[in-house]
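Each chain, letter by letter, is given below.
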Amino acid sequence: LEIRPHTVVLAAGSGNATLRHLCGLDVPAMQRRPLHMVLVRGPLPELNGHCVDGSRTRVTVTSDIDAAGRRVWQVGGHLAEAGVEVSEAELLLRARDELTDCIPGLDLTGCEWATYRVDRAEAIVRGGQRPETFQVLSEGNVLTTWPTKLALVPELARDVARRVPAESTPIAFDSLVTNAWPRPDVALPPWEEVSEWRVFEDSRPAVRARVA
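Residues numbered from 1 in each chain as written. Predicted model: local features only at pLDDT ≥ 70, side-chain atom pairs only at ≥ 80, totals over all residues. Heavy atoms only, no water.

What to know about the overall build of the protein chain
(1) Moving on: The helix and strand tally for the protein chain stands at 4 helices and 10 strands.
(2) Moving on: For the protein chain, the α and β elements follow one another from N to C terminus as β-α-β-β-β-β-α-α-β-β-β-α-β-β.
(3) Moving on: For the protein chain, the C-alpha atoms occupy an extent of roughly 65 × 45 × 25 Å along the three principal directions.
(4) Moving on: Of all intrachain contacts in the protein chain linking residues separated by at least 6 positions in sequence, the fraction that spans at least 24 positions is 61%.
(5) Moving on: Of note, the protein chain has its 24 positive side-chain charges centred 2 Å away from the centre of its 29 negative side-chain charges. (Helix = DSSP H or I, 4+ residues; strand = E, 2+ residues; numbered from the N terminus. Contact = heavy atoms within 4.5 Å. Lys, Arg positive; Asp, Glu negative; His and termini not counted. Charge placed at Lys NZ, Arg CZ, Asp CG, Glu CD.)

Examining the state of the cysteines
(1) Moving on: Following the criterion strictly, the structure yields 0 disulfides and no others.
(2) Moving on: Take C51: it sits in no disulfide, and the sulfur closest to it among the cysteines is that of C102, at 3.3 Å.
(3) Moving on: Considering cysteine sulfurs only, C102 is the nearest to C111, which forms no disulfide, with 16 Å between them. (Disulfide = S-S within 2.5 Å.)

Quick notes on the packing of aromatic side chains
(1) Moving on: This structure, assessed with the given rule, holds 1 aromatic pair.
(2) Moving on: Sitting over the face of the ring of W197, R41 holds its NZ or CZ atom 4.1 Å from the ring centroid.
(3) Moving on: Residue placement shows R96 over the ring face of F200; its charged tip is 4.5 Å from the ring centre. (Phe/Tyr/Trp six-rings, centres within 6.5 Å; stacked < 30°, edge-to-face > 60°. Lys NZ or Arg CZ within 6 Å of the ring centre and 35° of its normal.)

Encoded structure:
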């Protein structure tokens, strides 16, 4: 099977660096900014939103359901950016205070807490600052994309669609050809890979649960 694409779109986050190399594009185009994300699971409401204080986003909360049916909040924003410099225990204390300050009346009783570290992949910006919006780098028939943040993904998709030439319109393809090909595993979300969850005891986060 030989595939000759009119346009190649790279949208693999930090994996774009490897894909660009495989495409023969060796010019550095990507920067990484570390984050220290917070996870909270328990009897929580569904919430997806930002708390913006002046020119910065204090916290960003996105909700999901884990494999055991528990609500999980993933907490980022400035909290995760500044949290790179502190320990897990210190970040969890900050996260509890920020959430209760940003969402008055929020009941966190019975919740378990954890953190994980990850690098955010973005297009290179002078001075290493965060890009103001999504980024698309066009080189020949290759488009390298970075959404900067998930909220900008729909607009990024619309921009890519506008850039794809009309002759790139998909044609009929017999998918049976690829049925015997191996399929890659889908990565687990971070909250399914955490080894320890903590609860607050005497105003300090203490280990309470382990995930097999």
